[in-house]
Amino acid sequence: MSTRILAIFLLAIAQLFPASASAGEEVCSVVSGAAIIAQDDENTFLGKITNAYDSNSIFNDYGTHGSKYSSSSIWNSYGAFGSEYSSYSPFNKYTSTPPMIIKNRKIIGYLSANKSLGSAISPNLLKALCKDEL
């Protein structure tokens, strides 16, 4: 499902169930300012969960960490951190080593499409909920 379709779907749900909108806002509030760190040997910095104007934001389409062309972006579907086949990618549905979400020097969760991981949020859901909220 494309990000745009997912966003429209989530907006429709939020209108039907107003509590869902506040739950989405709560997610964004919790992860706002958090860093995304890969679980590779170098603990590669993959960006921050901030507004799209921040040069380090994963939501900045023109920034190092938000561009679909950058090697250090989770949105590069051909890169080590964005490929659905890479063990370090949040888009790999089977990985046990997805990027960590770190805030105040603590792991608060994982960025992952792997539904069997606890404390994980899908990168597409995070983008749909928070890109325009931060």
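Please read all numbers here as calculations on a predicted model, not as lab measurements.

This part is about the side chain of T95. With respect to the helices and strands, the residue T95 is situated in the loop between β2 (45–48) and β3 (100–103). A relative accessible area of 4% places T95 in the buried class. Ignoring any residue separated from it by four or fewer positions in sequence, one finds T95 in contact with S87, Y88, S89, S112, N114 and L117.

Turning next to the state of the cysteines. For the structure shown, the criterion picks out one disulfide. Two residues, C28 and C130, share a disulfide whose sulfurs are 2.2 Å apart. Negative torsions about the S-S bond denote left-handed disulfides, and the value of about -100° found for C28 with C130 makes this one left-handed. Taken as a pair, C28 in helix α2 (residues 18–31) and C130 in helix α3 (residues 123–130) lie far apart in primary sequence, 102 residues in all.

To continue, consider the pairing of β3. The sheet contact formed by strand β1 (residues 35–37) and β3 spans three bridges and is antiparallel. Each bridged residue has a counterpart across the sheet, and for A35 the counterpart in β3 is I102. Sheet analysis places β3 next to strand β4 (residues 106–111), joined by four bridges and oriented antiparallel. What sits directly across from M100, in β4, is Y110. Connecting the antiparallel pair β3 and β4 is a turn made up of two residues, with N104 showing a positive phi of about 55°.

Okay, the pattern of salt bridges next. Considering all chains together, one arrives at two salt bridges under this definition. Residues D54 and K48 are paired through a salt bridge, measuring 3.5 Å at the closest nitrogen-oxygen approach. Exposure remark for K48: the relative accessible area of 27% places this residue in the partly exposed category.

The rules behind these values
- Residues numbered from 1 in each chain as written.
- Predicted model: local features only at pLDDT ≥ 70, side-chain atom pairs only at ≥ 80, totals over all residues.
- Heavy atoms only, no water.
- Helix = DSSP H or I, 4+ residues; strand = E, 2+ residues; numbered from the N terminus.
- Buried < 20%, exposed > 50% of the residue type's maximum accessible area, 1.4 Å probe, protein only.
- Contact = heavy atoms within 4.5 Å.
- Disulfide = S-S within 2.5 Å.
- Pairing = 2+ DSSP bridges.
- Salt bridge = Lys/Arg side-chain N within 4 Å of Asp/Glu carboxyl O.

Taken by themselves, the reported measurements are silent on function.
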